[in-house]
Amino acid sequence: IFDFLYLKINEFVKPYNAFPSLHVAISTICALGFWKARSKLFVSMLIWAILIIFSTVLTKQHYFLDVVSGLFLGFLSFKVSEKIFHIGKEENREL
C-alpha cells in the first residue's frame, strides 16, 4: 500500500528539486538551536533532522550533494546568526 501511495504522490512532484536542500538546512538549524539551548529535546530534534536528511535522498527528492550543501548552509547560517545576534554571550543570558 505504501508503494502505491508513494507512486501516486510522485505523479505530482517534479523530477528535480532545488540545490541545496532547504529541508536539510532548516533541520540542521533547528537541531543546532536545540543543542545550543541545551534543550532536553535535543536528541529528539537530532533524530528528526537525521530522518529528514535520509528521507530527502531515499525518496529521490535530492541528490547527495544537495544534502551536503544543505548541511553546510544550515551550519553556516546558524554561525552567522550567532555572530549577528550575539547568541551565547554572557550579557544575553537573561533573554
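See above for the structure.
Conventions and cut-offs
Residue indices begin from 1 for each chain and proceed along its sequence in written order. In keeping with the predicted nature of the model, local features appear solely for residues at pLDDT of at least 70, side-chain atom pairs appear and are counted solely at 80 or more, and the whole-chain, interface and lining totals rest on all residues. Side-chain measures here rest on the full set of heavy atoms in the structure, leaving out hydrogens and waters. Runs of H or I in DSSP of at least four residues are treated as helices and runs of E of at least two as strands, each being numbered from the N terminus. We call a residue buried when its accessible area falls under 20% of the maximum for its residue type, exposed when it is over 50%, and partly exposed in between, using a 1.4 Å probe and counting protein chains only. The contact criterion used throughout is that any non-hydrogen atoms of two residues lie within 4.5 Å. To measure how exposed things are, a 1.4 Å probe is used in the Shrake-Rupley method; for residues, cover is taken only from the protein chains shown. The convention used is that axes are lines fitted to C-alpha atoms, helices contributing only their stretch in contact, and that angles between N-to-C directions extend from 0 to 180 degrees. Any angle that is under 35 degrees is reported as roughly parallel, and any over 145 degrees as roughly antiparallel; angles of 65 to 115 degrees are reported as roughly perpendicular and all others as oblique. Less than a right angle of anticlockwise turn of the near helix away from the far helix marks a crossing as left-handed, whereas a clockwise turn marks it as right-handed. Under the convention adopted here, Pro, Cys and the residues Ala, Val, Leu, Ile, Met, Phe, Trp and Tyr are nonpolar, Asp, Glu, Lys and Arg are charged, and Gly plus all remaining residues are polar. Grouping into patches uses exposed residues only, defined as over 30% relative accessible area, and leaves out salt-bridged ones; the cut-off is 9 Å for like charges and 5 Å for nonpolar side chains (Val, Leu, Ile, Met, Phe, Trp, Tyr). The rule for a salt bridge is simple: a side-chain nitrogen of Lys or Arg has to be within 4 Å of a carboxyl oxygen of Asp or Glu.

Draft legend 1. Examining the overall build of the protein chain more closely. Across its full length, the protein chain holds four helices and zero strands. Listing every helix and strand of the protein chain by position from the N terminus yields α-α-α-α. Split into buried and exposed, the 95 residues of the protein chain put 23% on the buried side. Counted over contacts in the protein chain with a minimum sequence separation of 6, partners at least 24 positions apart contribute 72%. Of the roughly 7700 Å² that the protein chain leaves accessible, carbon and sulfur atoms contribute 74%.

Draft legend 2. Inspection of the side chain of Thr 28 at higher detail. By the element assignment, Thr 28 lies in helix α2 (residues 22-36). By relative accessible area, which is 11% here, Thr 28 ends up buried. In contact with Thr 28, not counting residues within four places along its chain, are Gly 70, Leu 71, Gly 74 and Phe 75.

Draft legend 3. Structural view of the packing of α2 against helix α3 (residues 42-58). At their nearest, the axes of α2 and α3 sit 9 Å apart, and the two run at 165° to each other. The angle between α2 and α3 places the two elements in the roughly antiparallel class. When the axes of α2 and α3 are compared, the crossing they make is left-handed. Contacts between α2 and α3 involve His 23, Val 24, Ser 27, Cys 30, Ala 31, Phe 34 and Trp 35 from the former and Phe 42, Met 45, Ala 49, Ile 52, Ile 53 and Thr 56 from the latter.

Draft legend 4. A look at the packing of α2 against helix α4 (residues 64-85). Two elements in contact, α2 and α4, have axes whose closest approach is 7 Å; the angle formed by their N-to-C orientations is 45°. Here α4 runs oblique to α2, going by the angle between their axes. Crossing of α2 against α4: the hand is right-handed. Where α2 abuts α4, its residues Leu 22, Val 24, Ala 25, Thr 28, Ile 29, Leu 32, Gly 33 and Lys 36 lie against Val 67, Gly 70, Leu 71, Leu 73, Gly 74, Phe 75, Ser 77, Phe 78 and Glu 82. Residue composition of the contact of α2 with α4, grouped by class: 10 nonpolar, five polar and two charged.

Draft legend 5. Just a nonpolar patch on the surface, in detail. Side chains of Ile 1, Phe 2, Phe 4, Leu 5 and Ile 9 sit close together on the surface and give an oily, nonpolar patch of about 630 Å² of accessible area. Residue placement: Phe 2 occurs in helix α1 (residues 2-10). The class for Phe 2 is exposed, based on a relative accessible area of 68%.

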